[in-house]
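Structural overview
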Amino acid sequence: MGAALRESEPRVVGHWSLVIGSWHPLSQSTPLTNWFTNDQRPMTFNAIPASVHRIVLAAALSVAGSCAAQAQSRLPLSAADIDAIARLVMLEDHRDFDTTDLSRLLASAHPEVRRRAALAIGRIADKRGYALLRAKPLDADTAVAATEVFAAGQLKDSNTVAWFDSLLANARFAPAVLAEAAIALGKIKTARARDALARFLSTASEGPRTNQAIGEALLSIGRCTTRGDLNPILRFGTSPNDEIRWRAAWALFRPRDPAALSASMVMTGDRSPDVRVWAVRALPKPQADTAGKTADAEKVLLAALHDADRRVRTEAIRALGTYSDSAAVTAMTAAKDSPDGWISSSAVEGLARLNPPPAAGGRQGGGGGRGRTPPAPVTRPLADYRAIVERWVVPDYNGAPRPTARWETARGSIEIELYPGDAPLAVDDFVKTMESGTIVGTAFTRVVPDFVAQEQTIPGGQRLRDEVSRRGLTRANLAWASAGLDTGTPGYTLANAVQPHNEGDFTALGRVIKGMDVVDQLQLNDKITAARMLTVR
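Described below are features of the structure shown in this document. Throughout this description, residue numbers start from 1 for each chain and increase along the sequence as written. Only residues with pLDDT of 70 or above have their local features reported here, since the model is predicted, and side-chain atom pairs are shown and tallied only from 80 upward, although totals for entire chains, interfaces and linings are computed over all residues. Just so you know, side-chain values use all the structure's heavy atoms and leave hydrogens and water out.

For the rest of this paragraph, the subject is the sheet that holds strand 8 (residues 528–535). Overall, antiparallel pairing links the 8 strands, which are arranged 3-4-6-5-7-2-1-8 in an open sheet. Strand pairing shows two members of the sheet lacking a second neighbour, strand 3 (444–448) and strand 8, which therefore form its edges. The mean inter-strand angle of the sheet, taken between neighbouring strand axes irrespective of direction, is 25 degrees. Across 6 bridges, strand 1 (residues 404–409) lies against strand 2 (residues 412–418) in antiparallel orientation. Across the sheet, the residue bridging to Arg 406 is Glu 415, located in strand 2. We treat two strands as partners when DSSP finds at least two bridges between them. Only runs of H or I of at least four residues qualify as helices and only runs of E of at least two qualify as strands under DSSP, and these elements are numbered from the N terminus. Axis lines are fitted through C-alpha atoms, for helices just across the contact stretch, and the angle between N-to-C directions can take any value from 0 to 180 degrees.

Before going further, it helps to spend a moment on the environment of Arg 116. Structurally, Arg 116 can be placed in helix 4 (residues 111–124). Relative accessibility thresholds used throughout: buried, under 20% of the residue-type maximum; exposed, over 50%; partly exposed, between the two (1.4 Å probe, protein chains only). Taking relative accessible area as the criterion, Arg 116 reaches 1% and is therefore assigned buried. With 10 residues separating them in the primary sequence, Arg 116 and Leu 106 have C-alpha atoms 8.3 Å apart.

The element helix 7 (residues 161–168) is largely enclosed, with a buried count of 6 among its 8 residues. Those residues of helix 7 that sit buried are Val 161, Trp 163, Phe 164, Asp 165, Leu 167 and Leu 168. Throughout, a residue-residue contact means that at least one pair of heavy atoms, one from each residue, lies within 4.5 Å. Contacts made by the buried residues of helix 7 are with helix 5 (129–133), helix 6 (142–154), helix 8 (175–188) and helix 9 (191–203).

Take the pattern of salt bridges next. Each salt bridge in this description consists of a side-chain nitrogen of Lys or Arg and a carboxyl oxygen of Asp or Glu lying within 4 Å of one another. In this structure the tally under the stated criterion is 41 salt bridges. Across the salt bridge formed by Glu 92 and Arg 123, the nearest N and O atoms sit 3.1 Å from each other. Taken together, the residues span a long stretch of sequence, with Glu 92 in helix 2 (residues 79–94) and Arg 123 in helix 4 at a distance of 31 residues. Classification of Arg 123 as buried rests on a relative accessible area of 6%. Asp 520 is the partner of Arg 475 in a salt bridge, and the nearest nitrogen-oxygen pair spans 2.9 Å. With a gap of 45 residues between them, Arg 475 in the loop between strand 4 (452–455) and strand 5 (477–480) and Asp 520 in the loop between helix 22 (516–519) and strand 8 connect regions that are remote in the sequence. The class for Arg 475 is partly exposed, based on a relative accessible area of 21%. Residues joined by salt bridges that share partners form a network here, namely Asp 93, Arg 95, Arg 380, Arg 465 and Asp 486.

Right, dumping it as structure tokens:
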């Protein structure tokens with residue numbers, strides 16, 4: 001997304017995706033899905049026939065060559081452009097809305113400078129930025145245009161709903177622009193925002209140009225704070241596209257609307273576990289009671305305990321924890337002895353609701369960014385920001401390999417790729433933390449099954465400025481905990497699942513590229529026993 005963000009990268013991280021000329025392997029144990037096709041079957045890489053392996057490899061090499069050629073053909077960054085980007089990073093870090101500089105750099109001849117100027121407006125989050133973004137038509141460069149829409153969405157201004165609505169109504173815009181308009185409405189969350197999303201979803205037809213926007217609109221309508229007509233969501237509950245169906249299931253689950261319960265019960269039988277996991281989460285007792293379907297919902301949850309997918313079983317136990325009858329208690333009592341930490345801790349937590357123990361359960365513990373109020377982020381002179389840009393942003397723009405790190409735990413190794421072009425300040429801080437060694441010995445003091453593993457605050461950690469980007473909060477995402485934008489310090493968090501409800505509020509600092517199976521096995525108080533940078537600039 002943008003030159004440094006590689007515009008063609010899909011938002012769905014944690015999958016192998018061949019999307020508009022972009023190939024992104026993560027793990028051989030993650031599902032293979034294609035956003036823009038109607039693939040019916042979740043597959044793992046190891047399940048693909050050898051002949052297809054060869055085709056996939058050929059495609060990957062072809063795409064890699066194409067991406068390398070694209071990087072080489074990008075407009076080079078001059079010394080003046082680097083100065084401009086350094087100035088923008090400084091304005092972001094200081095949260096300084098300098099109208100003169102931002103206006104000037106939005107009109108730069110270099111598209112990367114224009115993109116980063118728009119991004120800076122979104123990160124500074126001053127509502128006056130909307131007038132700057134709208135002072136001219138959307139940029140002719142798709143990456144810049146999409147970032148302009150993203151930045152306007154980060155302002156979370158209800159007065160911008162009509163503009164986003166008009167973008168969604170105009171099919172001539174690029175898919176990335178439409179998707180960002182849909183995401184923006186989900187950050188605003190008002191009734192008018194929901195109405196705009198419902199209008200789009202009521203008329204949109206699936207296809208290569210609209211699938212991304214449909215998927216994001218489904219997540220956004222689920223984030224809205226008011227309930228409404230479910231039909232715009234339900235029409236995608238039988239989509240042939242697994243990625244769209246799980247987003248419809250999430251949109252039904254998130255508002256806790258009892259009117260959606262019957263549809264969610266049906267979706268618990270979906271062929272895709274990505275759909276079933278969200279459908280099962282929609283069946284806690286309060287919603288089932290209101291819908292008058294308590295017995296039916298509990299029956300579905302008890303059956304889901306035998307699902308082939310670990311996430312579905314975990315969420316079934318978690319939902320059963322809201323029931324107090326003998327069948328639910330018997331199921332949770334059996335599950336608390338499961339060798340699977342997700343299952344057992346969820347069962348213990350559910351039983352604790354019936355008879356609260358004096359000690360805290362498996363979700364408890366202080367994570368990074370919580371507790372004491374850390375000092376304000378340290379700001380620096382312009383020369384320091386230029387050095388950061390030259391070290392992190394420029395090489396990423398030019399297509400250099402991204403820095404990687406490895407953490408060792410008792411469960412195994414976790415390898416992480418960082419996003420230096422998207423979060424240069426955070427990457428700089430991460431590398432310094434790794435090189436200092438202070439991360440070694442820190443524990444994961446908050447582990448929420450099928451959600452997140454959160455590290456305790458690292459000694460001496462500085463309060464961090466958030467650098468929210470268009471990457472999205474996906475499975476395998478590396479971030480840090482906070483109580484709101486610009487309030488967090490490392491320890492870091494590793495996401496077991498997508499987190500659409502937090503979109504726009506946390507930084508995507510990097511992603512796990514090897515060892516997600518280890519992340520999924522982490523338990524409370526597991527420690528990082530060793531840590532080192534594998535590649536660094």
